[in-house]
Each structure stands twice: as C-alpha cells, then as structure tokens.
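Read off the chains here:
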Amino acid sequence: MTIRMLADDERIDWVRLARSENVGPVAFFQLLRRAQGDIQGALGLLPELARRGGRNGALRVPSRNDIAREIDAVTKFGATTICACEPTYPRALAAIHDPPPVLTAGRKLDLLLRPAVAIVGARNASTNGRRIADMLARDLARAGWVVVSGLARGIDSAAHDASLDGGTIAVVAGGIDVTYPPENAELQADIFARGCVAAEMPLGIEPHARHFPRRNRIVSGLVRGLVVVEAAMHSGSLISARFALEQGREVFAVPGSPLDPRARGTNDLIRQGAHLTESAEDIFRELGPLAADLAEPPQEPWGFDADEGSDSRALAHAREVVFARLSPSPVAVDELVRDCQLSAALVRTVLLELELAGRIERQPGHRVALI
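Not measured: the values here are computed from a predicted model. (Residues numbered from 1 in each chain as written. Predicted model: local features only at pLDDT ≥ 70, side-chain atom pairs only at ≥ 80, totals over all residues. Heavy atoms only, no water.)

(A) Fine view of the sheet that holds strand 6 (residues 196–199). Taking strand neighbours across the sheet as the criterion, the nine strands line up as 1-2-6-5-4-3-7-8-9 in an open arrangement whose pairing is mixed. In this open sheet, the two strands that pair with only one neighbour each are strand 1 (80–83) and strand 9 (275–276). Relative to strand 9, strand 8 (residues 250–253) runs parallel, the two being bridged by two bridges. Directly across from F252, in strand 9, lies its bridge partner H275. In the packing of helix 7 (residues 155–162) onto the sheet, the strands contacted are strand 3 (116–120), strand 4 (146–149) and strand 5 (168–172), and the crossing angle to strand 3 comes to about 140°. (Pairing = 2+ DSSP bridges. Helix = DSSP H or I, 4+ residues; strand = E, 2+ residues; numbered from the N terminus. Contact = heavy atoms within 4.5 Å. Axes fitted to C-alpha atoms, helices over the stretch in contact; angles between N-to-C directions.)

Given below as structure tokens:
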C-alpha cells in the first residue's frame, strides 16, 4: 500500500483492524502484507489464523458503525485520526519496527512532521533537573526543533512547559481526552491548544501500567535524538533510551552527582556510550544541521509477503518448536529464531497465529512472552 490519504470507507476498515481483539501493531502489518495491502482482505484473514493458533471462539472485531462513531468523536473533540499509510503520519515513526497503525492527534499536526528531540527523565525530579530540562527545551525550541515528551510529572512537564511557544508534542499513554496525571490537566490543555497531543489508544481509555512502555516507544520513534535528564536505575526513562537505541536514534544523558540516585541511570548511560550533555550545543553537534532529517521510509514500507504458512507440515513442526521455547519471561524474537533454528518467516507466522489466538503478548523492543 502506497503512502496516500485513505477514503472514508478505507479509514474505517483500517481502524477496525487496528481495534480488533489481539491485533497489535506487528500483527496488523503482517496481516496487511499477507493480504497484499488489501485492508478488507486482512480483516478476512483473522478467523483462520486465530484458529490455527489455538483460538476456539471468534475474535471481537468492531463494526463499521462502531468505528465511524469513534472517528466522529475524535473529530468533535478537535483531533484527527491518522492512519500509518497517510502522508500526515510522522515519517520517523513509520520507520520503526512496530509503529502504531493509528494515531489520534490534535491539534497542530504539522509538528508531527518536523524534526524533533525528546526530553525525558525522573518524575520526582530535582530543582536542578527541572532547570536543566527547561534550559534544553527552550534552546531546542528556539533553534527550530520540536520537543517531545510523555507528559509525566517532573522532567517531562518542565520540558513541555518550556517549549510550548516553539512547538511541543505530548505522547500520552491513554486517550488524548484523559488527563493523566491529574495535576497536569492545565498543562495538557495548553499543549492541546498550542502544540500537539498524540496517543495510540482510543478516546476514553484510562492509562494502565502496560500502556507506558508502548507510549515510550512512540516518544523515541518520533525523534532523531532522546535526552535523559535524570533517571534512576531500571526507570521508565531508561526503557525509553533502550527503545531509542533499538530504533537507531541518538541517546544523550545529563551527568549528575553519584550521591543522587536520580543520576545513576544517566551516568550509566554515559558509561555505555550515550553522549554527555550539558547544553543544547552538545545535542546540535551530534545531530547536525536541522535539515538533515531521518531517512524517509520506503513508499511501500510494509512490503508484500506470500502466505508463509503454505507448507502445513513445516508449519506444524514450527508450532511445536516455537511454543516449546516460549515462556512468561519475554524473549527477543531474533533470539527465538536462532534458538529454534527455523526460518524467520516460519517463526513470524507461528507468532502471528499465537498472538491472534491470545496466547502470547508482544512487547516493545521485538520481545514476546506467553500469557
């Protein structure tokens, strides 16, 4: 499917597939590839693939009326439903492994297409940490960069507030109409009025713990570089940094005192090769001229695959091998392919069947786990 604006009927079917039970981003694009870019054909593949994965009952697929009402509600809220094949969808995000098939965003959609840098960090940020986030965000915005963050307390809030005039994008874990955290209600309203609020989730969805890693991979996917200002070890900000590295983004970290737990994560990032960052100049030096944007994804970014499960005997064997090596602990898909000693195509097919059957969960960062 080429990059183009969808007709209203096509958009409804695209969102229907994205909102179908057990259809995550990776499964969505695998289904689209198998159907040669035909979204109705992709919807038609769901029952058989889910059955092959061990599903007994039918998958829940929203009706066309359900999705038409969702899109209408988004429009009335003052936002837009953007599908991943459309030219208004951010090119940088489309290039990652698992882009959201659908974004809900409002209001200044042009910000999604401009070069951007993310600033993330501790929710319980220090006064100095907030000052540094403020300084970096203001300087980036003055230089023409859009500042992206996750609208969390602390560093995120400071970065958004400082870049409102120049351009900021808040990526939220729930629906864009849901305020979280509650104390950021005024800031979220200001960003919606003067910047852009974007979400993978539909309107009305309250954020849950599992939504935040998915939100973080969008934050890093939208940008050319990600700056971590303060972060404890094993924090969400370090997860964002890992996603950024996996997505080929530059990672920057502000050093801090070894006596402050909020500096241990950033200092460790520097130890592992992140760019030591004390001012926006350090960021500009690494990212280069503003015009040197990320390479655009191909015109047909999802390609077309033949049915990788056409050999029933090979597929039956692959199901046994793959399932035996899965567990509730996440494993990288590349590692699973090596361990199974099967073709990547066969492993992808089995994982697609298991995901549609509701037996595995895909996690950001190319990882899967049994449910």
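This is not the end of the story, as more comes after the structure.
(B) View of the layout of surface pockets. Looking at the largest pocket, its volume works out to about 1,100 Å³. Residue lining of the largest pocket: 36 residues in total, with V23, G24, P25, M201 and R214 positioned closest to the centre. Only helix 2 (25–34), helix 9 (211–221), strand 11 (360–363) and strand 12 (367–370) provide two or more residues apiece to the lining of the largest pocket. Here the lining of the largest pocket is built from residues that sort into 15 nonpolar, nine polar and twelve charged. Surrounding the second largest pocket, 20 residues form its lining, V26, R33, H97, R348 and H366 being those nearest its centre. Per-element accounting of the lining of the second largest pocket gives the leading share, five residues, to helix 2. (1 Å grid on protein atoms, 1.4 Å probe; cavity = no way out; pocket = protein on both sides within 12 Å on 5 of 7 lines; lining within 4 Å. Points joined across faces, edges and corners; volume = space filled by probe spheres on them. Nonpolar A, V, L, I, M, F, W, Y, C, P; charged D, E, K, R; others polar.)

(C) Broad picture of unusual backbone geometry. Cis geometry marks the peptide bond from G106 to R107, where omega comes out at -5°. Relative to the helices and strands, R107 is located in strand 2 (residues 102–107). Cis rather than trans, the peptide bond between Y180 and P181 has omega equal to -5°. Position of P181 among the secondary structure elements: in the loop between strand 5 and helix 8 (185–194). One non-glycine residue, N22, adopts positive backbone phi at about 70°. Mapping N22 onto the fold places it in the loop between helix 1 (8–18) and helix 2. Unusually for a residue other than glycine, H366 sits at a positive phi of about 65°. Relative to the elements of secondary structure, H366 occurs in the loop between strand 11 and strand 12.

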